[in-house]
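Below are the chains, spelled out letter by letter.
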Amino acid sequence: MGKVAIIMGSTSDMPVMQEAIDILEGFDLEVEVDIVSAHRTPEKLFEFSKTAHEKGIKVIIAGAGGAAHLPGMVASMSPLPVIGVPVKSRNSIDGWDSVLSILQMPGGVPVATVALDGAKNAGILAAQIIGTSDKCVLDKILVYKEGLKQKVIEGAKSLKK
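Given the structure is predicted, the values throughout are model-derived calculations rather than measurements.

What counts and what doesn't
Residues numbered from 1 in each chain as written. Predicted model: local features only at pLDDT ≥ 70, side-chain atom pairs only at ≥ 80, totals over all residues. Heavy atoms only, no water. Buried < 20%, exposed > 50% of the residue type's maximum accessible area, 1.4 Å probe, protein only. Helix = DSSP H or I, 4+ residues; strand = E, 2+ residues; numbered from the N terminus. Pairing = 2+ DSSP bridges. Right-handed = clockwise from strand over helix to strand, strands pointing away. UniProt positions renumbered as here; feature names shortened; annotations may be inferred.

Draft legend 1. A look at the pairing of strand β3 (residues 57-65). A large share of β3 lies buried, amounting to seven of its nine residues. The sheet contact formed by strand β1 (residues 3-8) and β3 spans six bridges and is parallel. If you follow Ala5 over to β3, its bridge partner there is Ile60. Pairing analysis gives six bridges linking β3 to strand β4 (residues 82-87), with the strands arranged parallel. Bridge assignment links Ala64 to a residue of β4, and that residue is Pro86. Between the parallel pair β3 and β4, the chain is carried across by helix α3 (residues 70-77), and the sense of this crossover is right-handed.

This is the structure:
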């Protein structure tokens, strides 16, 4: 099975990023979590980005608020898929600064971007990426999607009572 790295700019991002950890662990995927600040620990950022693929990591989820340079900087140095999670931080402009910083990447440096505080979807997307080459993970995603469908069906039934 593939390993997913979840990194964030500071511990204040953890309540948002915990949703990615939880969903990935629900798919029985190995998760590595760390604090890697693009602005305060650039050497650590460079080392992580350049070597993650050598450590069995298959996908990187990077959460960041404010200027939100972390996902793009990682993507500029890593050959792995990077999923960016814009985090609405206390010094944010309603989160738009984070969204646009992660979303508006130059050609050649892709970052898959989920919704503001959308770490759960980042985790699901990471699992789906791994599921393209791991049938066990793919089967778990299929079960998860069926569960989503059943919740909607049950919810609709409850309205008709």
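This is not the end of the story, as more comes after the structure.
Draft legend 2. A look at the environment of Pro79. You can see Pro79 is positioned in the loop between α3 and β4. Assessed through its relative accessible area of 60%, Pro79 is described here as exposed. C-alpha separation for the pair Pro79 and Asp22, spaced 57 residues apart in sequence, amounts to 25 Å.

Draft legend 3. Main features of the UniProt feature "domain: PurE" (unreviewed entry) in the protein chain. As annotated by UniProt and renumbered to match this structure, "domain: PurE" (unreviewed entry) occupies residues 2-152. The straight-line gap between the two end C-alpha atoms of residues 2-152 is 30 Å; of that span, 46% is helix and 19% is strand.

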